[in-house]
Amino acid sequence: MACLLEAPLRISVLSEVTATSRHYVDRLFDPDPQKVLQGVIDMKNAVIGNNKQKANLIVLGAVPRLLYLLQQSSSSLQLRTECAVVLGSLAMGTENNIKSLVDCHIIPTLLQGLLCPDLIFIEACLRCLRTVFISPVTPVQLLYTDPTVIPHLMSLLSSSQRTQEYITQIFSHCCKTPEHQTVLFNHGAIQNIAPLLILPSYKVRMQALKCFSVLAYENTLVSMTLVNVLVAGEQLTQVFVKMMQRDQPVEMQLTAAKCLTYMCRAGAIRTDDSCIVLKTLPCLVRMCSKEHLLEERVEGAETLAYLMEPDVELQRIASTTDHLVAMLADYFKYPSSVSAITDIKRLDHDLKHAHELRQAAFKLYASLGSNDEDIRKKITETENMMDRIVSGLSESSIKVRLAAVRCLHSLSRSVQQLRTSFHDHAVWKPLMKLLQNAPDEVLVMASSTLCNLLLEFSPSKEPILESGVIELLCSLTQSDSPALRVNGIWALMNMAFQADQKVKVEIVRSLGTEKLFRLLSDPDTNVLMKTLGLLRNLLSTRPHIDQIMSSHGKQIMQAVTLILEAEHSIEVKEQTLCILANIADGNTAKELIMTNDDMLQKIKYYMGHSNVKLQLAATFCVSNLIWNEEDGSQDRQDKLREVGFVDVLHKLTQSTDPNLSDRAKTALQQYLA
């Protein structure tokens, strides 16, 4: 049966099918093997560089016939090899061609062909497999379906220069997941591929290097193994360092820098190692300069951002290397009217991909400014930087929007920037727009940034509040994503800090007690902690405490009881006891504790706990209940004396912790006053 393309393409192609194309396919069915061979050779010559002819032949069913001839043991070796060559040529056409070949099961057929002892046939099969696998439409999992394939490819690796090049290229394109890394690692990828790094052939060295970069990415086991590998008596890391030298091709410098970056991020090389600080980092900064091609500048910036993301010292070094902060500003002006691109094709390509430069610049700025205040200042003072971020937030490319909001988030960690640049450019407006309708990945980053804009000292807090953000944040707390739930509740917590009663009432109304208490039993500890933080901020200042407890007291006391009884971390219980201490500070709210004997016993239990933080929080609660200057304090003191609190306080005055001892003495003084 013919292996056909999708209907719309088939109709347009079929209308152009010529008698010649049909003639080529008919000859594949000739009973004379010699004529079949000549037919395949003629077909090979006809399809070279001719995509229309390739599509015609696929539509007319050439692929299943070629695969059939390739598999037949009765076919001569020359015929089988020529079939593999033609299939390889058909694969070099469009993505639709590749889809058709894959649908006709070309991959298992060619993999089976690798069992043949003839090297020239094997090389033809591998060349075709390589072309099919490097296409983005080919499912890479097809390489791993049969567990005997990877070990067989390893055994063929050293057969010839061609097998070395094709197999390593297949590996580097088909290693996409930690599982793939493990399979390749377990079948000896490192020891088999390492010797290829010093062979004369540039293509082989380059493909071997690419293999190591995909194997080491976010893989500690592989990276730790690579550090100890010797190639011709030299450490592998030093081989990579030599490949980064300026006299090497840029592609090699970049890929070697990626290998060392990934090994460093996986914990196999220290961030202060000279091969990182003096070799890898400067090499990547060099790649960001404007004399490099667009894709080299993108890859250089993104790899550098990844290298220094967790390390403030590397960020400081990079920020002072080759005027990097200013150099990145050029990423937004590309291609400029005075671009030195004379090649029209290249200019067309770069215009289509200029957004990738902006994305890479935002990523690198985000990484550079994630810790150091001086670097953030330097970034925001770079020409039109805040305007560029603001326009980046509304770009059509989702990747640029994500990178721009990452950059904004990084800068929003600065109190100084929140008070100045962020306010001057009203960045909260495009940020709010972004939050209305975006994929989760963007939402997480945008809502994290919003949390910072809602901090007490941020001038953006007021206008954001007036824009009706509460409903939006409450909807985030109901998300399936724990990160979005945390950010939604965190932003509400920041908003409730020292807020007026109107804002607090609006938060409680919008969130609703049912949702609030559901969040208090959230399986994610971060969500629980931030919800307790919100509750603590809502229950501050007496009128607010009394007002909220008068309408929601029963449910809040119930939630506090459940948390104190359950298996939770010290941090969670401490935060819960602090909420109780706030309730104890209310004028009328404290009665909800005083009339709850079970709760009083819990407070007493935590005063005697082995953890000082919990003892302090529980003792603080008692202080608020018995404070002398408040109505009814005498009755409350008497009741707590009856329940045995005074004895516990006396014991705590002997504590070795000075804070706890002082807190207990302060509480006891209320009885003496």
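Residues numbered from 1 in each chain as written. Predicted model: local features only at pLDDT ≥ 70, side-chain atom pairs only at ≥ 80, totals over all residues. Heavy atoms only, no water.

As annotated in an unreviewed UniProt entry, the protein carries the name Armadillo repeat-containing protein 8 and is attributed to Ataeniobius toweri.

Is there a simple way to explain the packing of aromatic side chains in this structure?
One pair of aromatic rings is described through two measures. These are the centre distance and the angle between the planes. Tallied over the entire structure, the rule returns 6 aromatic pairs. By the ring-pair criterion, three or more aromatic residues cluster together here, those being Tyr217, Tyr262 and Tyr306. Geometry around phenylalanine 121 places arginine 80 over its ring, the cationic atom sitting 4.8 Å from the centre. Positioned above the aromatic ring of tryptophan 490 is the side chain of lysine 530, whose terminal nitrogen or guanidinium carbon lies 4.3 Å from the ring centre. (Phe/Tyr/Trp six-rings, centres within 6.5 Å; stacked < 30°, edge-to-face > 60°. Lys NZ or Arg CZ within 6 Å of the ring centre and 35° of its normal.)

Help me understand the nonpolar core in this model?
Grouped burial of nonpolar side chains is what soluble globular proteins tend to show. Of all hydrophobic cores here, the largest spans 239 residues; its most connected members are Phe240, Leu368, Leu580 and Ile593. Those residues within four positions of phenylalanine 240 in sequence are excluded, and the remaining contacts are Leu197, Leu209, Phe212, Ala256, Cys259, Leu260 and Met263. (Core = buried A, V, L, I, M, F, W, Y, C linked by side-chain atoms within 4.5 Å. Buried < 20%, exposed > 50% of the residue type's maximum accessible area, 1.4 Å probe, protein only. Contact = heavy atoms within 4.5 Å.)

It is not clear to me how the packing of helix α3 (residues 33–47) against helix α6 (residues 77–91) should be interpreted in this structure. Could you clarify?
The packing of two helices is summarised by the inter-axis angle and the distance between the axes. Where α3 meets α6, the closest approach of the two axes is 9 Å, and the angle between their N-to-C directions is 25 degrees. Between α3 and α6, the crossing angle belongs to the class labelled roughly parallel. Judged by the sense of rotation from one axis to the other, the crossing of α3 with α6 is left-handed. In this structure, α3 uses Val36, Leu37, Val40, Ile41, Met43, Lys44 and Val47 to contact α6, whose residues at the interface are Gln78, Leu79, Glu82, Cys83, Val85, Val86, Ser89 and Leu90. (Axes fitted to C-alpha atoms, helices over the stretch in contact; angles between N-to-C directions. Helix = DSSP H or I, 4+ residues; strand = E, 2+ residues; numbered from the N terminus. Parallel < 35°, antiparallel > 145°, perpendicular 65-115°, else oblique. Left-handed = near helix turned anticlockwise from the far one by under 90°.)

I would appreciate a short explanation of the pattern of salt bridges in the present structure.
A side chain of one charge can pair with a side chain of the opposite charge if their charged atoms are brought near each other. Considering all chains together, one arrives at 29 salt bridges under this definition. Note that glutamate 383 is salt-bridged to lysine 333, the shortest N-O span being 2.9 Å. In this pair, glutamate 383 is assigned in the loop between α23 (373–380) and α24 (385–392) and lysine 333 in the loop between α21 (324–329) and α22 (344–368), connecting sequence segments 50 residues apart. Classification of glutamate 383 by relative accessible area gives partly exposed; the value is 41%. Using a relative accessible area of 36% as the deciding quantity, one classes lysine 333 as partly exposed. Salt-bridge contacts for aspartate 348 lead to lysine 352; the nearest nitrogen and oxygen are separated by 3.1 Å. Of this pair, aspartate 348 and lysine 352 both sit in helix α22, 4 residues apart, roughly one helical turn. Owing to a relative accessible area of 39%, aspartate 348 belongs among the partly exposed residues under this scheme. (Salt bridge = Lys/Arg side-chain N within 4 Å of Asp/Glu carboxyl O.)

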